[in-house]
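Architecture and fold: a report
Chain residues, written in single-letter form:
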Protein chains: 2
Amino acid sequence: MATRSGRSQRRTEALSRERIVTAAIELLDAAGESGLTFRVLTERLATGPGAIYWHVANKGELVGAATEAVITAALATAPADSPRAEIRAVALGLFEAIEQHPWLATQLSAQLSGNPWGAVTPRIFECVGRQIRALDVPEQDWFTATSALVHYILGAAGQNAANAQVAGSESDRAEFLANAQAEWDRLDPGEYSFLRAVAGQMREHDDREQFLAGIDLVLAGVHALRPKG
Amino acid sequence: MATRSGRSQRRTEALSRERIVTAAIELLDAAGESGLTFRVLTERLATGPGAIYWHVANKGELVGAATEAVITAALATAPADSPRAEIRAVALGLFEAIEQHPWLATQLSAQLSGNPWGAVTPRIFECVGRQIRALDVPEQDWFTATSALVHYILGAAGQNAANAQVAGSESDRAEFLANAQAEWDRLDPGEYSFLRAVAGQMREHDDREQFLAGIDLVLAGVHALRPKG
DNA sequence: ACCTGAACACCGTTCAAGT
DNA sequence: ACCTGAACACCGTTCAAGT
């Protein structure tokens, strides 16, 4: 009657780095960074740990490869007809990738902070930077402008993902927002007067619009750098 | 002849949450997040794990408390005479805190992304947001402006800390920069034309100046939001 | 070349027992 | 109330052995 194990059936296909990475992404999506374990990975792929270590150096490299796979797909957006539109498209692509794979937020910021395993962040920098160059920003400001944009994109997208993650369904979301607001309202009004003032407006805005408004703000700053005339 | 243990001598002072957090910060500074272990913490404080768990719920809370202690000190800057100067002071305070305690970068971004243990990020938001409010930005833009600034500050400071960390001494720094540049130069010129173009200028700039230039860029964007006239 | 699976060193956490 | 320290469940990683 009872089959031996629910998850791992046939094991017909051979193991490969790609299959391992795919399984790793599924586990990360399902339960976050702590949900990716060599035991459960091993079980789902119906092998032993040694088999995985044959294809992958260690856990860090595995998570790095997972990050790279997801981000590479996200960066492959259709070319738009202006640098500004292109930046918005890339930003939204990353926003949605992080929304669907919240573990990316921590991972990307760790990679920006020098984590050695795999580096997609140069690719993100390059991708955004090209569009900055396409606007006529003075060359000396390229790095400043690009890094302001990239940090905003990754940070804001990560923060959004955290909310979306807790939120879940629509009714969950309403409840979550109500709770969050209640918690903010409980803050000492004198010590947190700004947060309290801003809490209401946060609730009404659409996440995506809010996010893009930030992009526009940074782009307005970039625009101000352009040579006058 | 031989004393029992090199590190932990007298053990005269009683254990306390504060002493535990202080020791935790030292370990984090010395060897990063993975360097903080209940075994070595236990050894340095000359106790058992149970004693620590009496004062602290778990490792997450401990790291959260360490973060809070350091950030609280960093946010206590002398009041400046303009919102803009105040923002720059707060930003530089955080920049330096993260430079001296690189583990903060990952920790803060994790807290922004909804990590439950301790939350200093509302304090940072409040601190920056108050100055945004003091500039005459339309109220509907407060959140956007503040989050653009905060994400830039935390992201850029974290990235700087990563470099500073590897760099170490001055000669190390020169070697590190040379290596980094060599690695960038090795990138495919077609695929990474922007990164290559920007590599040179990155090397010349002072880290702090570079960082503040980004703050100014975002502030220029904020300025563009102000009511015309 | 690719995979197996037992074994190793280490981790955070618990808890009965002491003072 | 505060601390001790053995024990537990679990983790990433290794490696001799198989095919």
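If you're wondering where the values come from, they're calculated on a predicted model, not measured in any experiment.

Conventions we followed
Residues numbered from 1 in each chain as written. Chains lettered and ligands numbered in written order. Predicted model: local features only at pLDDT ≥ 70, side-chain atom pairs only at ≥ 80, totals over all residues. Heavy atoms only, no water. Least-squares fit on C-alpha atoms with pLDDT ≥ 70 in both. Contact = heavy atoms within 4.5 Å. Domains from an automatic or database assignment. Buried area = accessible area lost by both parts, 1.4 Å probe. Salt bridge = Lys/Arg side-chain N within 4 Å of Asp/Glu carboxyl O. Phe/Tyr/Trp six-rings, centres within 6.5 Å; stacked < 30°, edge-to-face > 60°. Helix = DSSP H or I, 4+ residues; strand = E, 2+ residues; numbered from the N terminus. Buried < 20%, exposed > 50% of the residue type's maximum accessible area, 1.4 Å probe, protein only. UniProt positions renumbered as here; feature names shortened; annotations may be inferred. Near = heavy atom within 4 Å. Polar contact = N/O pair within 3.5 Å; in protein donor to acceptor, adjacent residues only side chain to side chain.

1. Focus: the relation of the copies chain B and chain A
The two copies are related by a screw operation: chain B maps onto chain A through 180° of rotation and 0.0 Å of translation along the axis, at an RMSD of 0.0 Å. Expressed as a symmetry operation, the mapping of one chain copy onto the other fits a two-fold axis. For chain B, the minimum C-alpha distance to the rotation axis belongs to Gly221 of chain B and amounts to 1.8 Å. A shared interface surface links the copies, since 100% of the contact residues of chain B are contact residues in chain A too.

2. Description of the domain arrangement of chain A
All names here are of chain A. What the domain assignment lists for chain A is domain 1 (1-56) and domain 2 (79-223). Taken together, the contact pairs four residues of domain 1 with four residues of domain 2. Buried surface at the junction of domain 1 and domain 2, summed over both partners, amounts to about 390 Å²; 55% is from carbon and sulfur atoms. Looking at the side of domain 1 facing domain 2, the largest losses of area belong to Leu28, Asp29 and Glu33, adding up to 83% of the total buried there. At the junction of domain 1 and domain 2, the tally comes to zero salt bridges.

3. Here's the deal with the packing of aromatic side chains
One pass over the structure, following the stated rule, counts 10 aromatic pairs over all chains. Both rings, one in Phe95 of chain A and one in Phe211 of chain A, keep their centres 4.5 Å apart while their planes meet at 35°; by these two values the pair is tilted. With Phe95 of chain A in helix α5 (residues 83-100) and Phe211 of chain A in helix α11 (residues 207-225), this residue pair connects regions lying 116 residues apart in the sequence. Residue classification places Phe95 of chain A among the buried positions, given a relative accessible area of 1%. Taking the relative accessible area as the measure of exposure, Phe211 of chain A reaches 3% and is therefore buried. Pairing Tyr152 of chain B with Phe211 of chain B gives two aromatic rings, centres 5.8 Å apart and planes at 15°, and the pair type is stacked. Here Phe211 of chain B lies in helix α11 (residues 207-225) and Tyr152 of chain B lies in helix α8 (residues 142-167), a separation of 59 residues in the sequence.

4. Here's the deal with the UniProt feature "domain: HTH tetR-type" (unreviewed entry) in chain A
Those residues carrying the UniProt feature "domain: HTH tetR-type" (unreviewed entry) are residues 14-74 of chain A in this numbering. Secondary structure content for residues 14-74 of chain A is 74% helix and 0% strand, and the end C-alpha separation is 28 Å.

5. Side note on the protein's contact with DNA strand D
Close to DNA strand D lie 18 residues, the nearest being Arg39, Tyr53 and Lys59 of chain A together with Thr47 and His55 of chain B. Of everything in DNA strand D that lies within 4 Å of the protein, sugar and phosphate atoms constitute 49%. Between a phosphate oxygen of DNA strand D and a main-chain N or O atom of Leu15 of chain B, the distance comes to 3.3 Å. Those elements that place two or more of their residues in the surface near DNA strand D are α2 (38-44) and α3 (49-55) of chain A together with α3 (49-55) of chain B. Looking at which element gives the most residues to the surface near DNA strand D, the answer is α3 of chain B, with five residues.

6. Here we look at the UniProt feature "DNA-binding region" (unreviewed entry) in chain A
The UniProt record marks residues 37-56 of chain A with the feature "DNA-binding region" (unreviewed entry), using the residue numbering of this structure. Annotated as residues 37-56 of chain A, this span is 70% helix and 0% strand, and its ends, taken at the C-alpha atoms, are 14 Å apart.

7. What about the interface of chain B and chain A?
Contacts between the two partners involve 49 residues from chain B, matched on the other side by 49 residues from chain A. The junction of chain B with chain A conceals about 4200 Å² of combined surface from both sides, 64% of it contributed by carbon and sulfur atoms. Inspection of the chain B/chain A interface yields zero salt bridges. Summed over the shared surface of chain B and chain A, the number is 17 residue pairs in polar contact (both at pLDDT 80 or more). Broken down by secondary-structure element, the contributors of at least two residues to the side of chain B that touches chain A are α6 (103-112), α7 (121-134), α8, α10 (193-204) and α11 of chain B. For the side of chain B that touches chain A, the leading source of residues is α8 of chain B, giving 14 residues.

8. Quick word on the pattern of salt bridges
Residue and element names in this part refer to chain A. One pass over the structure, following the stated rule, counts 16 salt bridges over all chains. Across the pair Arg88 and Asp216 runs a salt bridge, and its minimum N-O distance is 3.0 Å. Of this pair, Arg88 sits in helix α5 while Asp216 is found in helix α11, placing the two residues 128 residues apart along the sequence. Assessed through its relative accessible area of 25%, Arg88 is described here as partly exposed. Here the residues in one salt-bridge network are Arg84, Arg88 and Asp216, joined through shared partners.

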